[in-house]
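Next come the chains, spelled out residue by residue.
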Amino acid sequence: MSGGPPKALQSTGPHSLRDMPHPLAGSSSEEAVGGDSTPSPDLLMTRSFGDKDLILPNGGTPADTSSPASSSSLLNRLQLDDDIDGETRDLFVTVDDPKKHVCTMETYITYRITTKSTRVEFDLPEYSVRRRYQDFDWLRNKLEESQPTHLIPPLPEKFVVKGVVDRFSEEFVETRRKALDKFLKRITDHPVLSFNEHLSVFLTAKDLNVYKKQGMALLTRVGESVKHVTGGYKLRSRPLEFAAIGEYLDTFALKLGTIDRIAQRIIKEEIEYLVELREYGPVYSTWSALEGELTEPLEGVSACIGNCSTALEELTDDMTEDFLPVLREYILYSDSMKSVLKKRDQVQAEYEAKLEAVALRKEDRPKVPADVEKCQDRMECFNADLKADMERWQNNKRQDFRQLLMGMADKNIQYYEKCLMAWESIIPLLQEKPDAK
Amino acid sequence: MRLRRRIKSQRRAAAMEQSPPQDPGRQLQSAPLEPLGHPAAGLEAAVSEDAEDTRKEGPGDGTMTENNFSLKKIEISVSEAEKRTGRNAMNMQETYTAYLIETRSVENIDGQSVLTDSLWRRYSEFELLRNYLLVYYPHIVVPPLPEKRAEFVWHKLSADNMDPDFVERRRIGLENFLLRVSSHPILCRDKIFYLFLTQEGNWKETVNETGFQLKADSRLKALNATFRVKNPDKRFTDLKHYSDELQSIISHLLRVRARVADRLYGVYKVHGNYGRVFSEWSAIEKEMGDGLQSAGHHMDVYASSIDDILEDEEHYADQLKEYLFYTEALRAVCRKHELMQYDLEMAAQDLASKKQQCEELATGTVRTFSLKGMTTKLFGQETPEQREARIKVLEEQISEGEQYLKSKNLEGREFLKNAWADIERFKEQKNHDLKEALISYAVMQISMCKKGIQVWTNAKECFSKM
């Protein structure tokens, strides 16, 4: 289900969320955020109702009565038509605090999801729930089903080979946490996806499993219709821009794959280099024990090499934890995008098939039958959504890669700076004249 | 790839006393090395020369001592290497490399250098020279030659003796050898060494005429002495242990360093692949394209920078190798001491036994076993005249023996003194050189880090423009 145009939101302009009490929550609400600052003029009216009047069920509209025509709320409504940028964002989500749960059947990790929002859809200004990877996977599937015309961000890899990677190691959990955080942030940045009801439930429900079971009974309608195309009708011609996107994604994924392999190879070579360094340094130490005047210089060199080894280890760890996963995410992203493109093709094919069927029937209808029109609508919506998402994706991709590659350069610079410092610091030691005997 | 750098710790000019070149004969007389019958005799001459020499030669680093106007600076260089073919001893065609040795004398006043000699030598002639020096100067730590075959190579380096890089490094090593010899206060005065630099033809015959091969201590004798000596000087025993340990450690170090170089090479080279893929990727991008492309170029620069870096590091490895080979020279001096000490102990033992025999004969008691005693028991006592005769022979032998022991003792002490003096000199040289080597190694590492920072900073800037 495509989200409709966003509802008018209670807003008082660029206040920080913490300063704004939720219009539906009075001072008696335990979940109220902040609350010591002076409320905006728009809220004054609601506040004066008194405590009991403010405890309203979800979906109530007292917010709407507070000067909807005020200039600031109008402005905000307009601004929401554009991409949500930092200043007008009203939904903030963070993933943190991983915890291990040991049960009889299994052991797993949960993450804390903290949501802060002024949106009307949310009863409370702040939520804190615990979710595990399964839940994220469920959310993503639901989003794909309910928003098939949009690009859904990827999740970090689901399966890990047991024995090779420790699912509970700090590094693995941290890498995953960052990826899950990125996942939710991408969704909440999206003007359409961020209003999806499954997302809201995911962010707010105390017990997700209950909701999951309910949801199972109802199969979404739209998803079904797009899944299978009968007849295998071939696409007449793909619009140029989508063909171009398809080609781009193919090459893009290829190049990323190559970069992934190169990065892995570099890390492998660096680790082997590290192994040799760890043998190399101590030999100087052994030598220094044999000498007299040369003892300190040799010991100094040994320590220096040790420092360089440590710096190298930090570099390889960083690259493994921060660089490779993001690269892989983008490969997954482009894979899922390709399948959305295929769906678009199917929708277009369906429309063209219907159109042709009508033409063949040679019925003398003045206008196109309703279902064909519906198909055309669906196709045009799909094209529009996809186009918009592609642009936003390209932008984000550029920023993400800029950050990723600058980060890689940074880590290498830091490595060399650490080594430089180590070697420069022993020069005076090496140049020291022995004490006159 | 020519290695541009000469070995830094080298003393390029050597102070060498040079009498007018027309009369090397005069030099010969003052030099301690007449082809005499007994190498030890040469030492005696060296002893008296030595005190003089150290005053004249100074620290042997090529600097002029203030009081010496007669000294001229000599510059020695091994400037070229050339492939040659010729016939060997078995009249078979062979290929070898010849090295050009140029000697220049530098006038004290105007500082200009004049080429005085230039000739070609091959590696085997260097070996011959060194073997000669080992025999005639057993109390000196004789500088080593560069390795005969390439060892401790990391995979990019060739182990082939004909490889130009190997030949180039060997050229530098041979020059280093000559500079070491010419800056040694004692070795530089050797006539054969002088002829090596100046007399192209017939030099080999001249060396062989000294008969030094015959004077060399037999390996078996030396080995025997090492095992059987009872009271070697503790300093030399310690020195021998030190040499053994040092050899083991430097070998280990060189092996690991070669592996480190290999791995480092791999790391740098793989980065070159980024260059290609960034270029390909930039082709499908719009705004990101330029940044990616130029960053890729920097990755290529990074990948190719490793070749020079590792070439410089080989120089460090060569410095370590020289001291690895020096351990053998140290051991040779220790072995010589053990041999002399053993001879001394044997002589003393022999003397003691003869004295014992004499005493027994004189007093009539038989405590030591002797064949004569045995036969006497079997065949009857000998006559007093026979006994007198034997006593007289023994007394003569004892007297000779005592003289012999005395001179051997003196020899031994002189050897210890001179050898230890050279060992002290060597220790100073070693500490100085190795410190210099470590400093230059650190400088190389610093340069490598700075290059790395530069390249990645450039790449980062390109990324920031994406």
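Source: prediction; values computed, not measured.

So, about the overall build of chain B. A count of helices and strands for chain B gives 12 helices and four strands. By sequence separation, contacts in chain B at least 24 residues apart represent 75% of the contacts at least 6 residues apart.

On to the pattern of salt bridges. What the rule picks out here adds up to 60 salt bridges over all chains. A:D90 is paired through a salt bridge with A:R119; the nearest N and O atoms lie 2.9 Å apart. With A:D90 in the loop between α4 (71-79) and β1 (91-102) and A:R119 in the loop between β2 (107-117) and β3 (126-132), the pair connects residues that are 29 residues apart, well separated along the chain. Across the pair, A:R119 and A:D90 agree in class, each one buried. Across the salt bridge formed by A:K268 and A:E272, the nearest N and O atoms sit 3.7 Å from each other. With A:K268 and A:E272 both in helix α10 (residues 240-290) and four residues apart, this pair spans about one turn of that helix. Overall, A:K268 belongs to the partly exposed group, its relative accessible area being 45%. Several salt bridges converge on common partners, so that one network encompasses B:E147, B:R169, B:R257, B:E313, B:E314, B:D318 and B:K321.

With that settled, the discussion passes to a negative patch on the surface. A grouping of B:E385, B:E388, B:E395, B:E396 and B:E400 is seen on the molecular surface, where their side chains present a negatively charged patch. Residue placement: B:E395 occurs in helix α12 (residues 384-464).

The next point concerns the confidence of the model for chain A. Any region with low pLDDT has predicted coordinates that should not be read closely. Residues and elements named next belong to chain A. Summarising the model, chain A shows a mean pLDDT of 77, and 71% of its residues fall at 70 or more. Mean pLDDT across the secondary structure elements of chain A bottoms out at helix α3 (residues 62-65), with 40, and peaks at α10, with 94. Low pLDDT, under 50, characterises residues 1-84; the stretch is placed with 90 contacts to residues that sit more than four places away or in other chains. Taken as a whole, residues 219-231 scores under 50 in pLDDT and shows 11 contacts with residues more than four places along the chain or in a different chain.

All names here are of chain B. This model, assessed by the stated rule, comprises 32 aromatic pairs over all chains. When the ring of F126 is compared with that of F177, the centres are 6.3 Å apart and the planes differ by 65°; the resulting orientation is edge-to-face. Here the residue F126 occupies a position in helix α3 (residues 123-136), and F177 occupies one in helix α4 (residues 164-182), the gap between them amounting to 51 residues. With respect to class, F126 is no different from F177; both count as buried. Their ring planes at 65° and their centres at 5.7 Å tell us that Y302 and W456 sit as a pair that is edge-to-face. Placement of the pair is Y302 in helix α10 (residues 289-363) and W456 in helix α12, with a sequence separation of 154 residues. For the pair Y302 and W456, one class covers both residues: buried.

Time to look at the confidence of the model for chain B. All names here are of chain B. Summary statistics for chain B give a mean pLDDT of 80 and a share of 78% for residues scoring 70 or more. The secondary-structure element of chain B with the lowest mean pLDDT is helix α1 (residues 24-30), recorded at 33, while helix α9 (residues 234-282) shows the highest, at 95. Low confidence marks residues 1-71, where pLDDT is under 50. Its contacts with residues over four positions away, or in another chain, come to 124 contacts. The complex model carries a pTM of 0.75, and its ipTM stands at 0.79.

Attention shifts here to the state of the cysteines. Counted according to the given criterion, the structure contains zero disulfides over all chains. Here B:C449 stays free of any disulfide, with the sulfur of A:C419 as its closest cysteine sulfur at 4.8 Å. You can call B:C449 buried: its relative accessible area is 3%.

Residues and elements named next belong to chain B. The geometry of α4 relative to α10 is characterised by a closest axis approach of 12 Å and an angle of 50° between their N-to-C directions. Overall, the two elements α4 and α10 adopt an arrangement that is oblique. Once α4 is placed against α10, the crossing between them reads as right-handed. Taken together, the residues of α10 that come into contact with α4 (itself represented by R169, N176 and R180) are E314, D318, K321, E322, Y323 and Y326. Residues that form the contact of α4 with α10 fall into these classes: two nonpolar, one polar and six charged.

Residue and element names in this part refer to chain A. The sheet contact formed by β1 and β2 spans 10 bridges and is antiparallel. When the sheet's bridge partners are listed, K99 is paired in β2 with T110. Connecting β1 to the antiparallel partner β2 that follows it, the hairpin turn spans four residues.

Right, let's talk about the packing of α10(A) against α9(B) for a bit. Two packed helices can be described by the angle between their axes and the distance between those axes. One can describe the packing of α10(A) onto α9(B) by two numbers: an axis separation of 8 Å at closest approach and a directional angle of 165°. Taken together, α10(A) and α9(B) sit at an angle that is classed as roughly antiparallel. Read as a crossing pair, α10(A) and α9(B) show a hand that is left-handed. When the residues that make up the contact of α10(A) with α9(B) are grouped by side-chain class, the tally is 27 nonpolar, six polar and 12 charged.

Moving on, we come to the environment of A:L332. Residues and elements named next belong to chain A. Secondary-structure assignment places L332 in helix α11 (residues 295-361). Residue L332 is classed as partly exposed on the basis of its relative accessible area of 29%. Expressed as a C-alpha distance, the spacing of L332 and P154, which sit 178 residues apart in the sequence, is 6.1 Å. In this view, L332 contacts P154, L155 and E157; residues no more than four positions away in its chain are not counted.

All names here are of chain A. Domain boundaries assigned for chain A yield domain 1 (88-212) and domain 2 (238-431). Carbon and sulfur atoms supply 54% of the area buried between domain 1 and domain 2, which totals about 1800 Å² over both sides. Of all residues in domain 1, T149, L151 and R186 give up the largest surface area on contact with domain 2, accounting jointly for 35% of the area buried on that side. Note that K182 and D400 form a salt bridge whose closest N and O atoms lie 3.1 Å from each other. Taken together, the links from domain 1 to domain 2 amount to 11 residue pairs in polar contact (both at pLDDT 80 or more). Those elements that place two or more of their residues in the side of domain 1 that touches domain 2 are α5 (133-146) and α6 (170-189).

Now for the interface of chain A and chain B. Contact with chain A, which involves 54 residues of that partner, is made by 54 residues of chain B. Summed over both sides, the interface between chain A and chain B buries roughly 5400 Å², with carbon and sulfur atoms accounting for 76% of that surface. Contact with chain B buries area across many residues of chain A, yet A:Y280, A:W287 and A:Y416 alone supply 13% of it, more than any other trio. Here chain A and chain B share 10 salt bridges between them. Among the ionic pairs, A:E293 bridges to B:K435, the shortest N-O distance being 3.8 Å. Here chain A and chain B share 18 residue pairs in polar contact (both at pLDDT 80 or more) between them. Elements with a minimum of two residues in the side of chain A that touches chain B: α10, α11 and α12 (370-431) of chain A. In terms of residue count, α10(A) provides more of the side of chain A that touches chain B than any other element does, 24 residues in total.

Residues and elements named next belong to chain A. Pairing is antiparallel in the open sheet, where three strands are placed in the order β1-β2-β3. Each end of this open sheet is capped by a strand with a single partner; those strands are β1 and β3. On average, adjacent strands in this sheet sit at an angle of 20° to one another, irrespective of strand direction. Sitting on the sheet, α5 is in contact with β1, β2 and β3, with an inclination near 105° to β3.

Cut-offs applied
- Residues numbered from 1 in each chain as written.
- Chains lettered and ligands numbered in written order.
- Predicted model: local features only at pLDDT ≥ 70, side-chain atom pairs only at ≥ 80, totals over all residues.
- Heavy atoms only, no water.
- Helix = DSSP H or I, 4+ residues; strand = E, 2+ residues; numbered from the N terminus.
- Contact = heavy atoms within 4.5 Å.
- Salt bridge = Lys/Arg side-chain N within 4 Å of Asp/Glu carboxyl O.
- Buried < 20%, exposed > 50% of the residue type's maximum accessible area, 1.4 Å probe, protein only.
- Patch = residues over 30% accessible without salt bridge, like charges linked within 9 Å, V, L, I, M, F, W, Y side chains within 5 Å.
- Areas by Shrake-Rupley, 256 points an atom, 1.4 Å probe, with all protein chains shown as cover.
- Lys, Arg positive; Asp, Glu negative; His and termini not counted.
- Charge placed at Lys NZ, Arg CZ, Asp CG, Glu CD.
- pLDDT = per-residue confidence, 0-100.
- Phe/Tyr/Trp six-rings, centres within 6.5 Å; stacked < 30°, edge-to-face > 60°.
- Disulfide = S-S within 2.5 Å.
- Axes fitted to C-alpha atoms, helices over the stretch in contact; angles between N-to-C directions.
- Parallel < 35°, antiparallel > 145°, perpendicular 65-115°, else oblique.
- Left-handed = near helix turned anticlockwise from the far one by under 90°.
- Nonpolar A, V, L, I, M, F, W, Y, C, P; charged D, E, K, R; others polar.
- Pairing = 2+ DSSP bridges.
- Domains from an automatic or database assignment.
- Buried area = accessible area lost by both parts, 1.4 Å probe.
- Polar contact = N/O pair within 3.5 Å; in protein donor to acceptor, adjacent residues only side chain to side chain.

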